Amino acid sequence: MRFVVATHGHCFDGLASAALFTRLIQETRKEPTSFVYRACGYGPDQTKANDGILDGDENAILDYRYAASGALSWFFDHHPTAFGTLEDRGHFDERQPTGRFFFDPTYSSCTRLVADISAKAFGVESPALRELVGWADKIDAARFASAEEAISRDEPVMRLATVVEHHGDDGFLATTIPELLTKELSEVARSPRIQQAYAPLGQKHAEFIDLIRTKSELKDGVVLADLTDQTLQSLGKFVTYALFPQSTYSVVVGVVDSAAKISVGYNPWSGQPRKADISAICARYGGGGHPFVGGVSLAACDVARARSIALQVAEELGS
């Protein structure tokens, strides 16, 4: 049995979801099963998993936009923007009675959703993975005590999360998920492989903080950072909140790899209520996410449009 697990790539919640789901399948199947992991992203070349990705005997999509494919046999997600079209939602509704298709936007992480469904619907408890579930929930929902804690990389698991954001491709998932299933999370995070991968990223993280400091403008409670004058490896989260604690929202636009990306977020430490549904705003421009954080991806050649969208979103959030 060849099982393809397509999950949100370059994302700690996507990685952790795949680990929990793998354990579920291992505990409920008697036949030998091999796993192939596919890291999916939101860019101009990919908006959802296609049949070329879902080529296993069975196929799952986790923490990622739904694909109305006959090859799809499992689905778990918690993003309000999981369904790109009404047809996608109808396809999901038709298959939900199989007991393998799960969607709940009230969950703060897909990992927690997989863990709870595994226990309630299939009787599979994974006590050894509780720490992984807790960290995925904390990181995906930004449940940090402060913005400073959110951008600190003193904790080894946060270093692992940074490595995932930069290197979380198919090969990384194939190596790391089996480790998470057989070792303590802290052991994986402190391993020479992860620490070596993190070393150059730590310096880039510090440089990114300085870049945000010099390229940001605060207006009407919204931080707008235009980083499009260079190519970055990622658009780090939470930095604007640490540098501008009085801000309620942030909009960061930059060029990452082969895409122009806009990252939008709500500052949970601002003391101000969140009045906007960020996922709905991003969806209008072809993106998505959560009510409190989201993003939009365009082709790298569409930098001017990306900057225009970023400005429109910032003005809407500040109005």
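Residues numbered from 1 in each chain as written. Predicted model: local features only at pLDDT ≥ 70, side-chain atom pairs only at ≥ 80, totals over all residues. Heavy atoms only, no water.

A. Examining the layout of surface pockets more closely. Estimates place the volume of the second largest pocket at around 320 Å³. Lining the second largest pocket are 18 residues, and of these His-166, Lys-204, His-205, Phe-208 and Ser-234 sit closest to its centre. Of all the secondary structure elements, the ones that give two or more residues to the lining of the second largest pocket are helix H6 (156-167), helix H9 (192-215) and strand E7 (222-232). With 6 residues, H9 is the single largest residue contributor to the lining of the second largest pocket. For the lining of the second largest pocket, the per-class residue count stands at 5 nonpolar, 8 polar and 5 charged. (1 Å grid on protein atoms, 1.4 Å probe; cavity = no way out; pocket = protein on both sides within 12 Å on 5 of 7 lines; lining within 4 Å. Points joined across faces, edges and corners; volume = space filled by probe spheres on them. Helix = DSSP H or I, 4+ residues; strand = E, 2+ residues; numbered from the N terminus. Nonpolar A, V, L, I, M, F, W, Y, C, P; charged D, E, K, R; others polar.)

B. Layout of the environment of Ala-299. Positionally, Ala-299 belongs in strand E11 (residues 293-299). Put simply, Ala-299 and Val-255 are 44 residues apart on the chain and 9.2 Å apart in space, counted from C-alpha to C-alpha.

C. Structural view of unusual backbone geometry. You will see that His-10, though not glycine, has its phi angle at about 55 degrees, which is positive. Locating His-10 in the fold gives a position in the loop between strand E1 (2-8) and helix H1 (12-28). For His-10, a relative accessible area of 38% puts it in the partly exposed group. (Buried < 20%, exposed > 50% of the residue type's maximum accessible area, 1.4 Å probe, protein only.)

D. Layout of the pairing of strand E8 (residues 249-256). The buried count for E8 comes to 8 of 8 residues, which makes it a mostly enclosed element. Neither face of E8 is exposed, since Tyr-249, Val-251, Val-253 and Val-255 on one face and Ser-250, Val-252, Gly-254 and Val-256 on the opposite face are all buried. The pairing of E8 with strand E9 (residues 259-266) spans 8 bridges and is classified as antiparallel. From the neighbouring strand, Val-255 faces E9, where its bridge partner is Ala-260. (Pairing = 2+ DSSP bridges.)

E. Examining the nonpolar core more closely. Formed by 67 residues in total, the largest nonpolar core has its most connected members in Phe-12, Phe-21, Phe-76, Leu-132 and Leu-227. Ignoring sequence-local partners within four residues, the contact set of Leu-227 consists of Phe-208, Leu-211, Ile-212, Lys-215, Leu-232, Leu-235, Val-252, Val-253, Gly-254 and Val-255. By size, the runner-up hydrophobic cluster in this structure holds 21 residues, among which are Val-264, Ala-276, Leu-298 and Val-313. (Core = buried A, V, L, I, M, F, W, Y, C linked by side-chain atoms within 4.5 Å. Contact = heavy atoms within 4.5 Å.)

F. Layout of the sheet that holds E8. Judged by pairing direction, the sheet is mixed, and its 6 strands sit side by side in the order E6-E7-E8-E9-E11-E10 without closing on themselves. With one partner strand each, in any of the chains shown, strand E6 (216-219) and strand E10 (288-289) form the two edges of the open sheet. Sheet strands in contact with H9 are E6, E7 and E8, and its direction is about 120 degrees off that of E7. (Axes fitted to C-alpha atoms, helices over the stretch in contact; angles between N-to-C directions.)

G. Here's a closer look at the packing of H6 against H9. Contact geometry for H6 and H9: axes closest at 9 Å, N-to-C directions at 75 degrees. Taken together, the axis directions place H6 and H9 in an arrangement best described as roughly perpendicular. Where H6 abuts H9, its residues Arg-159, Leu-160, Thr-162, Val-163, His-166 and His-167 lie against Ile-194, Gln-195, Ala-197, Tyr-198 and Leu-201. Residues of the contact of H6 with H9, tallied by class, amount to 6 nonpolar, 4 polar and 1 charged. (Parallel < 35°, antiparallel > 145°, perpendicular 65-115°, else oblique.)

H. Helix H2 (residues 86-95), seen in detail. Those residues of H2 that sit buried are Asp-88, His-91 and Phe-92. For H2, the angular spread of buried residues about the axis comes to 100 degrees, placing them on one side. H2 presents Leu-86, Glu-87 and Glu-94 as exposed residues on the side facing more than 90 degrees away from its buried surface. Here the buried face of H2 lies against strand E4 (74-77) and strand E5 (101-103). (Arc of directions from axis to C-beta.)

I. Local environment of the environment of Ala-280. Note on placement: Ala-280 falls in helix H11 (residues 278-283). Judged by its relative accessible area of 35%, Ala-280 is partly exposed. Between the alpha carbons of Ala-280 and Pro-192 there is a distance of 41 Å; along the sequence they are 88 residues apart.

J. Structural context of the pattern of salt bridges. For the structure on display, the rule yields 15 salt bridges. Residues Asp-229 and Lys-215 are paired through a salt bridge, measuring 2.8 Å at the closest nitrogen-oxygen approach. Placement of Asp-229 in strand E7 and of Lys-215 in helix H9 is noted, with a sequence separation of 14 residues between them. Assessed through its relative accessible area of 51%, Asp-229 is described here as exposed. Each of Arg-29, Glu-31, Glu-58 and Arg-100 takes part in one network of salt bridges that share partners. (Salt bridge = Lys/Arg side-chain N within 4 Å of Asp/Glu carboxyl O.)

K. Representation of empty space enclosed by the protein within the structure. Inspection of the entire model under this criterion finds 2 cavities of 30 Å³ or more. Of the voids in this model, the largest cavity is the one considered here, and its volume is about 70 Å³. Ile-139, Arg-153, Met-158, Ala-161, Thr-162, Glu-165, Gly-236, Lys-237 and Phe-238 are the residues that line the largest cavity. The greatest single-element share of the lining of the largest cavity, amounting to 4 residues, is contributed by H6.

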